[in-house]
Each structure stands twice: as C-alpha cells, then as structure tokens.
Amino acid sequence: MCDTIIEKYVSDEKYDIPEMAISNGVDAVIYRVEQETAIIIYNGTRLTEEELLKRIQIFNSKIVSSELNSVNYTVKEQHIETVNSGAKQEINGEIIYFLTSSRLTPDLGASRILNISTIFVLFGSVVIAIILSFVFSNSISSPLQNMCASAKNLNSKNFEVNFNGTGYTEVEQLSSTLNFAVDELKKTDELRNEVVSNVSHELRTPLTMIKSYAELIKDINGNNPVKREENLNVILQEAERLETLLNDMLDFSKLKSGTTLYNFTEFNLYSLLQKLFETYSTKYNAEGYTFKFNSPKNLKITADYNRIEQVVVNLLNNAINYSKTNKEISITVSKLSTNYYRLAIKDNGIGISEANIKHIFDRHFRATNAQRTTVGSGIGLSIVKQILDDHKYQYGVISKVNKGSTFYFDFKTNN
Ligand code: ADP
C-alpha cells in the first residue's frame, strides 16, 4: 500500500491518495523533516496532533534503527493493534516519509455505531411488526366481531340481520354463507307462517260445514230421513276433504323435510299412464269428461313409481277441477330428442292468469279467494314440484285464461 502511495506521489497523482487510502481502509501520512521537525504534507488520519506525532516518532525510530528505506511493524496501543508500513524516499532532492497504518483490532467506535444501528433496526422491526400485526388482526377481528354482534341479534323473531364481512376472502365467504343461511331461515319462517295460516283456513271450512250440518240433523232434520241423508252426505264429503287435506299435508311435510325415502325402480311409464287413463275415463265419463291418451308404448324410466303416479294424479285432478264447459282433457307424451320425452296434461278450463302463473308451483295452499273444489287440498302443485325436483325433471305450465292449461314435465328414458 505504501509503495502505491509513493508511486502516486512521485507521478504527481497526489489527489488520488486520499481516496485510495480511504477505500483501502488505511491511515496515511506523508511528511518531510526540517530541523528535526516533521512537516506534514498530507494527513489522511483522524488522529490528534499528539497521536500523530507519536506515530511518526515510532516510525522514525524504526526506520533509523533498521537503516533501511522501508520498514514494516506492528504496534499495540490501548488494545488496538495496527500494522504499519513506512518508507522514506528522496524526491526532488528532499527526503519524504510515507507511513500507512491499518487496524488489526476492530474499530470500537465503528462497531459501537454498528451495534447501535443494529439495535435501532431491530427495535424498528419489532415496532413495525407490532403495528402490522395489530392492523392485520384488527382487519380480521373487527368484521368477525361485527358478525358476532349480528349473530346475537338473530333469533326466532328477528331475521332482519345482515352479516357484513369485508376484507379477507375467507371472511367475505363466511359472511355470504351466513347471509345465505339467514335468507333460508327467513324463507322457512315465511313458509311456516304461510302454511299455518293456510292450513287453519283450509281446515276451518270443512269443520264449520261438519259442525253446522251435524247441528242441522240434531235440531231439525233428525226425523226427516231424506234431509238427514242429504246432511249426512255433506258431512261425509267434508270429512273426506279433511282426510285428503291432512294426508297431503303429511306428504308435503315429509317431502319438504327430506324424510321421504324414494324407491327408484325401472318401469314403463306408458303402462302407468294407460292405467290412469282407463281409471279416469271410467270414473269421470259419466260427468261429461272425455280423456285422450297419446303416447309411445316403450317409455322405460327409472323413477319412484308411486311418486310419479301421485304427480300425474294431481295434475289430472287439477285438470278436472279447473275445467268448466269444455271438459276435454288430454294426456300426451311427445319426443323431445333421443331418450328425452315430455308428458303434457292439457285441459280446456279456466286457465291461470299471468300474475298467478309465476308462483303457481310455490303457492303452498290455495289463495283465499280461490274457488272451493271437490278434490284437492291446495298443495297439490307443491307436492308435484317437490317430487319432480327430487327426480331432477324439468317441468312447467303453459296457460291462457278461459282457454285452458297445459302442465308438463320432461323425463329421460333408459335407452
Ligand atoms: P288445489 O288445486 O287443491 O287448489 P294445487 O296446488 O293443485 O291446489 O293448485 C294450486 C292452484 O293452482 C289452484 O288453486 C288453482 O288456482 C291453480 N291451478 C292448478 N291447476 C290448474 C289448472 N289445470 N287450471 C287452472 N288453474 C289451476
């Protein structure tokens, strides 16, 4: 190092010396001696004047005693050890002294600064970590706390609760799942209220009839066999209506709650339809109804025989109940595509208004102003819907007021 500095000095590149000394981490001193006094030409150290003189003295004594032009030696002072390299050279008739020293022991000052900055960095990181964890935990916990508060508001009487979880995807998913659950609860609650009010309405009418006709027999017609017979027939009819209603309710509630076990078997739908066509023709021809039946003969399907029969029976009963003057009813199976068919039951009756058709399968029980019919409990179509949904069949209705209705469902045959 010392040689390089000398080279620079001699070649008049003196200005490069400080940068070179700093970049190599050495203290460099250049001086000459006049009348036994060191005149500093360049001081590249951070030493005090006293320390510098001491260093020069040591170097002087070494170079004088060695009688050489350059010396290398180490010095240990106050636990700090330095490696020194010095040389003297005659330049332009003047003896110039070059001395470089570098520390062997670490600079305690620097390492202290390093330690302090390490502590600051560490402390800063801990503070940042605490702030970040606070921010993150807050952004997770506050929506959860909101949701918890919403959940506390949710009870059997209050479903007007909204779970508002924003931020993380999981929290958003949780809140939308909870909102979905609340919507379902709301729907179930509405359905329950609707069913309870409709059931009471449906039960009240036949019960009132039974009661009043029984009173009529007891008070007035008891001894008149003809009148008594008439009144008893009404009572029987109304009791049958009650029975139908209760059976349908039971069926519906079992289907809705999923406790109905389906018995899927393979059978020919054509045979079932043929059987129903014959039964209904026999039973209702006398009342002026005519039935048409048109279907391919091979309609093997895998389904629950009794439930599909229930669907067709409900649709046929409705077709009968809601026919007025034109009592023609047709049962038609037509091909939609390979293995896909549509069963349509068409009447020429009163039809369904556009306002009612949208909710026709969801009404659960008859509208209060609907006419009373001899058959049907008001949940026939709800049962149809549930069974067809459970079979994953598509279904629908096409209708025009005073022209008639066509109820249909699509099914798949086996090959
Ligand atoms: P119900 O026939 O016992 O009232 P449903 O659930 O079978 O109960 O039918 C619900 C309502 O849909 C009926 O009250 C009636 O207003 C209407 N509806 C059903 N089928 C027909 C049809 N073929 N023609 C006209 N209206 C119908």
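Structure first, text after, so check above.
This text gives an overview of the structure that appears in the document. Keep in mind it's a predicted model, so treat the numbers as computed, not measured. (Residues numbered from 1 in each chain as written. Predicted model: local features only at pLDDT ≥ 70, side-chain atom pairs only at ≥ 80, totals over all residues. Heavy atoms only, no water.)

1. A look at the nonpolar core
With 45 residues, the main nonpolar core has Leu-269, Phe-291, Leu-316 and Phe-411 as its most contacted residues. If you look at the next biggest cluster of nonpolar residues, it comprises 15 residues, including Cys-2, Ile-6, Ala-28 and Ile-91. (Core = buried A, V, L, I, M, F, W, Y, C linked by side-chain atoms within 4.5 Å. Buried < 20%, exposed > 50% of the residue type's maximum accessible area, 1.4 Å probe, protein only.)

2. Side note on helix 10 (residues 380-390)
In terms of burial, helix 10 is largely enclosed, as nine of its eleven residues are buried. Of all the positions in helix 10, only Gly-380, Leu-381, Ser-382, Ile-383, Val-384, Lys-385, Gln-386, Ile-387 and Leu-388 are classed as buried. Tucked into the core, helix 10 has its buried residues touching helix 6 (225-257), helix 8 (305-321), strand 11 (394-400) and strand 12 (404-412). Backbone geometry just downstream of helix 10 places Lys-392 in the positive-phi region, at approximately 60°. (Helix = DSSP H or I, 4+ residues; strand = E, 2+ residues; numbered from the N terminus. Contact = heavy atoms within 4.5 Å.)

3. Considerations on the pairing of strand 4 (residues 80-91)
As paired strands, strand 3 (residues 70-77) and strand 4 are joined by eight bridges and run antiparallel to one another. Residue pairing in the sheet places Ser-70 in a bridge with Ala-87 of strand 4. The turn linking strand 3 back onto strand 4 is made up of two residues, and Gln-78 within it adopts a positive phi angle of 45°. Summarising the sheet, strand 4 and strand 5 (residues 94-103) pair through ten bridges and their orientation is antiparallel. Within the sheet, the bridge partner assigned to Gln-89 lies in strand 5 and is Ile-96. (Pairing = 2+ DSSP bridges.)

4. Observations concerning the site of the ligand
The environment of the ligand is formed by 16 residues, the closest being Asn-318, Tyr-322, Asp-347, Gly-378 and Leu-381. Here an oxygen atom of the ligand and a side-chain polar atom of Tyr-322 are 2.8 Å apart. With respect to the ligand, the backbone of Leu-381 contributes an N or O atom lying 2.7 Å from an oxygen atom. Protein contact buries 94% of the 520 Å² of open area that the ligand shows by itself. (Near = heavy atom within 4 Å. Polar contact = N/O pair within 3.5 Å; in protein donor to acceptor, adjacent residues only side chain to side chain. Areas by Shrake-Rupley, 256 points an atom, 1.4 Å probe, with all protein chains shown as cover.)

5. Some points on helix 8
When the terminal C-alpha atoms of helix 8 are compared, their 24 Å separation across 17 residues agrees well with the 24 Å that a helix rising 1.5 Å per residue should span. Extensive coverage of helix 8 is indicated by the burial of 15 of its 17 residues. The N-capping residue of helix 8, defined by a side-chain oxygen 3.1 Å from the backbone nitrogen of Asn-306, is Asp-304. (Expected span 1.5 Å × (residues − 1).)

6. Considering a nonpolar patch on the surface
On the surface, a cluster of nonpolar side chains totalling about 1100 Å² of accessible area is made up of Phe-123, Val-127, Ile-128, Ile-131, Leu-132, Phe-134, Val-135, Phe-136, Ile-140, Leu-144, Tyr-168 and Leu-174. Sort the elements by how many residues they give to the nonpolar patch and helix 4 (residues 108-153) lands first, with ten residues. (Patch = residues over 30% accessible without salt bridge, like charges linked within 9 Å, V, L, I, M, F, W, Y side chains within 5 Å. Salt bridge = Lys/Arg side-chain N within 4 Å of Asp/Glu carboxyl O.)

7. Topic: the environment of Tyr-97
As for its position among the elements, Tyr-97 is in strand 5. Along the primary structure Tyr-97 and Ala-38 are separated by 59 residues, whereas in three dimensions their C-alpha atoms are 9.3 Å apart.

8. Describing the sheet that holds strand 9 (residues 328-337)
Spatially, the five strands line up as an open sheet ordered 7-9-10-12-11, and their pairing is mixed. Of all the strands in the sheet, just strand 7 (290-294) and strand 11 have a single pairing partner and so form its edges. Going across the sheet, the axis of each strand differs from the next one's by a mean of 15°, ignoring polarity. The pairing of strand 10 (residues 340-346) with strand 12 spans seven bridges and is antiparallel. Directly across from Ala-344, in strand 12, lies its bridge partner Tyr-408. (Axes fitted to C-alpha atoms, helices over the stretch in contact; angles between N-to-C directions.)

9. Describing the side chain of Gln-310
Take Gln-310: it is sitting in helix 8. Assessed through its relative accessible area of 16%, Gln-310 is described here as buried. Each residue touching Gln-310, except ones within four places of it in the same chain, is listed here: Asp-251, Ile-383 and Ile-387.

10. Structural notes on the sheet that holds strand 4
Taken in spatial order, the five strands line up as 2-1-5-4-3 in an open sheet, and their pairing is antiparallel. Two strands bound the open sheet, and with one partner strand each, they are strand 2 (37-44) and strand 3. Sheet twist, expressed as the mean angle between neighbouring strand axes with direction ignored, is 25°.

11. Quick notes on unusual backbone geometry
Residue Lys-392 is not a glycine yet carries a positive backbone phi of 60°. With respect to the helices and strands, Lys-392 occurs in the loop between helix 10 and strand 11. The class of Lys-392 is exposed, set by a relative accessible area of 73%. One non-glycine residue, Asn-402, adopts positive backbone phi at about 65°. Residue classification places Asn-402 among the exposed positions, given a relative accessible area of 62%.

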